[in-house]
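Architecture at a glance
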Amino acid sequence: VQFLSNRGYTVLQVNFRGGSGYGKSFTSKGDGQWGNGTMQHDITDSVQYCIQHNITSQESGIAIFGSSYGGYAALSGLVFTPELYKCGIVLAAPSNVKSMIESIPSYWGPLRNTMLRRVGPVDNDEEFNRRISPFYHLDKVTAPVFICQGANDVRVKQEDTDRMVSILQGRQQSN
């Protein structure tokens, strides 16, 4: 944040519903709200507020950046509200939520149950998973995306990221 702001960029860090640090009630407000739910709306609404109040402008260009859940939110921004962003940077971003849930080892059972409560029934509702997973909406990406992925990431499968990159590169080559 400091690196960008001291170079003249406006930086917005949204503490969206479902985030930590404001108690269990605030965190629980994000349950089932991934993707195109209220958690993403909080980010979109914050960006639109900055535009409406001349803090930034779409003409000057707005980037979306995030890591882990933030990377997922950045991908979601690029696929669900592509008109807002000139580019995106995503680090260790789960693009297929069901795949991320399936990567949780069985001995992490309580974490898996918590994650399912947070994201929704992606394990047994394929339509829901497709609705909230950016992977299934890559055709809506209109901005350049810089994607970083660790080969040893235990939650975000490298093969998911590789498939996403391959699809995006294929779209770029056909344009």
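Structure: above.
Residues numbered from 1 in each chain as written. Predicted model: local features only at pLDDT ≥ 70, side-chain atom pairs only at ≥ 80, totals over all residues. Heavy atoms only, no water.

Side note on the layout of surface pockets
- There is about 920 Å³ of room inside the largest pocket.
- In this structure, the largest pocket is lined by 25 residues; those nearest its centre are Val11, Leu12, Ala63, Ile64 and Phe65.
- For the lining of the largest pocket, the secondary structure elements donating two or more residues are helix H3 (38–52), strand E1 (63–67) and helix H4 (69–80).
- At 4 residues, the largest contribution of residues to the lining of the largest pocket is made by E1.
- For the lining of the largest pocket, a count of residues per class yields 17 nonpolar, 8 polar and no charged. (1 Å grid on protein atoms, 1.4 Å probe; cavity = no way out; pocket = protein on both sides within 12 Å on 5 of 7 lines; lining within 4 Å. Points joined across faces, edges and corners; volume = space filled by probe spheres on them. Helix = DSSP H or I, 4+ residues; strand = E, 2+ residues; numbered from the N terminus. Nonpolar A, V, L, I, M, F, W, Y, C, P; charged D, E, K, R; others polar.)

Notes on empty space enclosed by the protein
- With the rule as written, the count across this model stands at 1 cavity of 30 Å³ or more.
- Each pocket or cavity is described by its volume, and for the largest cavity that value is around 40 Å³.
- Lining the largest cavity are Pro94, Ser95, Asn96, Ser99, Met100, Arg155, Val156, Lys157 and Asp160.
- Of the residues belonging to the lining of the largest cavity, the class tally is 3 nonpolar, 3 polar and 3 charged.

Some thoughts on the packing of aromatic side chains
- Evaluated as defined, the whole model comprises 7 aromatic pairs.
- Their ring planes at 85° and their centres at 6.1 Å tell us that tyrosine 107 and tryptophan 108 sit as a pair that is edge-to-face.
- Accessibility expressed as a relative area gives 66% for tyrosine 107, which makes it exposed.
- The exposure class of tryptophan 108 is partly exposed, given its relative accessible area of 27%.
- Through a chain of ring-to-ring contacts, the aromatic side chains of Phe16, Trp34, Tyr69 and Tyr72 assemble into a single cluster. (Phe/Tyr/Trp six-rings, centres within 6.5 Å; stacked < 30°, edge-to-face > 60°. Buried < 20%, exposed > 50% of the residue type's maximum accessible area, 1.4 Å probe, protein only.)

Topic: the pattern of salt bridges
- Taken as a whole and assessed by the stated rule, the structure comprises 6 salt bridges.
- Measuring nitrogen to oxygen at the nearest pair gives 2.4 Å for the salt bridge that ties aspartate 42 to arginine 17. A residue pair is termed long-range when its members are at least 10 positions apart, and aspartate 42 in helix H3 and arginine 17 in the loop between helix H1 (2–5) and helix H2 (24–28) qualify at 25 residues.
- With a relative accessible area of 28%, arginine 17 lands in the partly exposed category.
- Taking the shortest distance from any N to any O, the salt bridge between arginine 118 and aspartate 31 comes out at 2.6 Å. You can see arginine 118 sitting in helix H6 (residues 109–119) and its partner aspartate 31 sitting in the loop between H2 and H3, a full 87 residues away along the chain.
- Using a relative accessible area of 18% as the deciding quantity, one classes arginine 118 as buried. (Salt bridge = Lys/Arg side-chain N within 4 Å of Asp/Glu carboxyl O.)

Focus: the state of the cysteines
- A complete count under the given rule lists 0 disulfides for this structure.
- Among the cysteines around cysteine 50, which has no disulfide bond, cysteine 87 carries the closest sulfur, lying 16 Å off.
- When its relative accessible area of 9% is taken as the criterion, cysteine 50 is described as buried. (Disulfide = S-S within 2.5 Å.)

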